[in-house]
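For reference, the chains in residue letters:
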Amino acid sequence: MTEKMSELFSANESERYALHTRFLNEQMVRVLRAIGYDVRFCRGQGQYLYDWHGHQYLDLLSGWGVFALGRNDPTVRDALKNVLDSELPNLVQLDVSALAGILAERLLTHVPHLEKVFFANSGAETVEAAIKFARAATGRAGIVSCEHAFHGLTYGALSLNGDQVFRSGFEPLVGECKQIPFNDLMALEQALASRRMAAFVVEPIQGKGVNLPDDGYLKGAAELCRKHGSLFIADEIQTGLGRTGRFLAVEHWGVEPDVVLLAKSLSGGHVPVGALLTRKWIFDKLFDRMDRAVVHGSTFAKNDLAMAAGIATLDVIKAEHLIENAERMGTRLIGALSQMAARYELLKEVRGKGLMIGVEFGAPQSFKLKASWAMVETASKGLFCQLVTIPLFKEHKILTQVAGHASHTIKLLPPLVITNGDCDRIEGAFDAVIADSHRVPGAVWSLGKTLVEHAMKRS
């Protein structure tokens, strides 16, 4: 008899770090232990995680945006159980999936200017597909992306990434990929003017840093793409499906991309799935003859579990008004955290849309804080943010993340189901931790000395 997974998990969960050290990524285990995050999470429900002691944590990371519905949503779980119980003829390959057709149709009702969908297994796969679609549709090779962008870690996607920490050691990458500054229309026009660029691929809001576009930037970028015959591709893998208080983030700026990329939360937190939405003429350039019907694809891309997860996710977003909740809770949090910036010199700016929020810290002006700031930042740029995220986790049971390598911004990416009570908790915790960081000497700066020692040992 096959082992029950719940029993297998329970019997071995205390050995998880030993298993990973021996068979998987030892460095990840070392990181978790160094910052005290090795608490052995054993259960997840909605916006909450529970460790082996039963302590509840508020998850503001949501698996890098995967758990927009929270963990273990009952509607999604029931949909997946129903697929398994139904013994559907999954992945016949020499047939087509009814569930894939339904999910495609429902996605396109939210983006009515687009007409076709291509499914993949992940966000990175949708980026890879977008590169191929753009080159096939335009007959050009060049792809433009932005500095500080994140589009995935497979080779094509990595070639569009703007952070050298991910690219280093893996070059040479895919050729004819050009990076330009974000929010710079002049640089974009210079890049497109060669008429060798198939597409401009951009995150409407950059995930690394939560960098927002200027009001006219995305619309101007779309116009430049049309002028020079390039496709405008919106990477909504993290921002899409309601995260910013709109179904797509580009809706805030009235832009209609030629291609939209979705993934992460479309999975319902269970079965990975990505979707590329595009115009029919672009789709038809790739699949232009019967003998090219399978010129691009992926073995598991339209599997029934993934399609069911996507259908159920859209149902939950609509039924529970999660897009509206994201806008409402986001407006509250951005407002409350912004007010703290007037009281705390280390807190420089709060920015975002909906429940994609960046809390940025910066160098202080007062003499007593300058020395402490310099101590941690000299040891490792961006280390100060760990002096906020670690107390948030240990003392307030709130899980957050720094918004990128060497970043001074903490990113909040909570499930879209958070409540006013959760916002009370978030605001109170940030207020307490930031207040502590302004006391020198104090517990926060003692932690800073410890982290500096770790950094010095690594170097």
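To start, this report covers the structure provided alongside it. (Residues numbered from 1 in each chain as written. Predicted model: local features only at pLDDT ≥ 70, side-chain atom pairs only at ≥ 80, totals over all residues. Heavy atoms only, no water.)

Comments concerning the overall build of the protein chain
Selection criterion: Secondary structure elements follow DSSP: runs of H or I no shorter than four residues count as helices, runs of E no shorter than two count as strands, and numbering proceeds from the N terminus. The globule rule is 2.2 Å times the number of residues to the power 0.38, and the radius of gyration it is compared with is taken over C-alpha atoms. Think of it in three bands: with a 1.4 Å probe and only protein chains considered, a residue is buried below 20% of the maximum accessible area for its type, exposed above 50%, and partly exposed in between. Only heavy atoms enter the contact rule, under which two residues are in contact if any of them lie within 4.5 Å.
Along its length, the protein chain carries 18 helices and 15 strands. Over its C-alpha atoms the protein chain spans a radius of gyration of 23 Å, differing by no more than 12% from the 23 Å that the globule rule assigns to 459 residues. Dimensions of the protein chain along its principal axes, counting C-alpha atoms only, are 70 × 65 × 45 Å. Across the 459 residues in the protein chain, those meeting the buried criterion constitute 53%. In the protein chain, 70% of the contacts between residues at least 6 apart in sequence involve partners at least 24 apart.

Here's the deal with the sheet that holds strand 12 (residues 356–361)
Condition: A pair of strands counts as paired when DSSP detects no fewer than two bridges linking them.
Taking strand neighbours across the sheet as the criterion, the four strands line up as 11-12-15-14 in an open arrangement whose pairing is antiparallel. The sheet is open, and its two borders are formed by strand 11 (347–353) and strand 14 (401–402), each paired with just one other strand. In this structure, strand 14 lies alongside strand 15 (residues 409–412), joined through two bridges in antiparallel fashion. When the sheet's bridge partners are listed, Gln401 is paired in strand 15 with Lys411.

Quick notes on unusual backbone geometry
The omega torsion of the bond from Glu171 to Pro172 falls at 0 degrees, within 30 degrees of zero and hence cis. Structurally, the position occupied by Pro172 is in the loop between helix 9 (164–167) and strand 6 (177–180). That bond from Val440 to Pro441 is cis: its omega, -5 degrees, falls within 30 degrees of zero. With a phi angle near 60 degrees, Glu176 is a residue other than glycine that sits in the positive phi range. By relative accessible area, which is 44% here, Glu176 ends up partly exposed.

Comments concerning the state of the cysteines
Convention followed: In this description, a disulfide is simply a cysteine sulfur pair whose atoms lie within 2.5 Å.
Applying the stated criterion to the full structure yields zero disulfides. In this model Cys146 remains outside any disulfide bridge; the closest cysteine sulfur is found in Cys225, 10 Å from its own.

Description of the sheet that holds strand 13 (residues 398–399)
As summarised here, the arrangement of the four strands in space is 1-2-3-13, forming an open sheet in which the pairing is mixed. Edge strands, defined here as strands with exactly one partner in the open sheet, are strand 1 (41–45) and strand 13. Alignment of strand 1 against strand 2 (residues 48–51), held across four bridges, turns out to be antiparallel. Looking across to strand 2, one finds that Phe41 is bridged to Asp51.

Some remarks on the packing of helix 5 (residues 74–86) against helix 13 (residues 304–319)
Let me state the cut-off plainly: Only C-alpha atoms enter the line fits that serve as axes; for helices the fit covers just the stretch in contact. Angles between N-to-C directions range over 0 to 180 degrees. Any angle that falls under 35 degrees is termed roughly parallel, while one over 145 is termed roughly antiparallel, one within 65 to 115 roughly perpendicular, and all others oblique. Helix crossings fall into two classes, left-handed where the near helix is turned counterclockwise from the far one by less than a right angle and right-handed where it is turned clockwise.
The interhelical angle for the contact between helix 5 and helix 13, taken along N-to-C directions, is 150 degrees, at an axis separation of 9 Å. Relative to helix 13, the element helix 5 is oriented roughly antiparallel. In the packing of helix 5 onto helix 13, the handedness of the crossing is right-handed. For the pair helix 5 and helix 13, the contacting residues are Thr75, Val76, Ala79, Leu80, Val83 and Leu84 in the first and Asp304, Leu305, Ala308, Ala309, Ala312, Thr313 and Val316 in the second.

Some details on helix 17 (residues 420–437)
The criterion, for reference: In this scheme, a helix's expected span is set at 1.5 Å multiplied by one less than its residue total. Any N or O atom pair separated by 3.5 Å or less is treated as a polar contact, with the protein-specific requirement of one donor-capable and one acceptor-capable atom, and with residues adjacent in sequence counted only for side-chain atom pairs.
An ideal rise of 1.5 Å per residue puts 26 Å on 18 residues; helix 17 measures up with 26 Å between its terminal C-alpha atoms. Among the residues of helix 17, those classed as buried are Asp422, Cys423, Ile426, Glu427, Ala429, Phe430, Val433, Ile434, Ala435 and Ser437. Structurally, the start of helix 17 carries an N-cap: the backbone nitrogen of Gly421 is 3.3 Å from a side-chain oxygen of Thr419.

Description of the packing of helix 6 (residues 98–110) against helix 13
Helix-helix packing is characterised by the crossing angle of the two axes and by the distance between the axes. Packing of helix 6 against helix 13 leaves a shortest axis separation of 9 Å and a crossing angle of 30 degrees. Crossing angle aside, the handedness with which helix 6 passes helix 13 is left-handed. Of helix 13, the residues touching helix 6 (which contributes Leu99, Ala100, Ile102, Leu103, Arg106 and Leu107) are Asp304, Met307, Gly310, Ile311, Leu314 and Asp315.

A closer look at the pattern of salt bridges
Counted only if it meets this: Only one rule defines a salt bridge in this text: a Lys or Arg side-chain nitrogen within 4 Å of an Asp or Glu carboxyl oxygen.
One pass over the structure, following the stated rule, counts 18 salt bridges. Note that Arg351 and Glu349 form a salt bridge whose closest N and O atoms lie 3.0 Å from each other. In this structure Glu349 comes out as partly exposed when scored by relative accessible area, which is 37%. Arg439 is the partner of Asp436 in a salt bridge, and the nearest nitrogen-oxygen pair spans 2.2 Å. Since its relative accessible area comes to 28%, Asp436 is described here as partly exposed. Under the relative-accessibility criterion, Arg439 is labelled partly exposed at 45%. Through salt bridges with shared partners, a single ionic network connects Asp288, Arg289, Asp291 and Arg292.

Without other data, these values stay purely geometric and don't point to any function.
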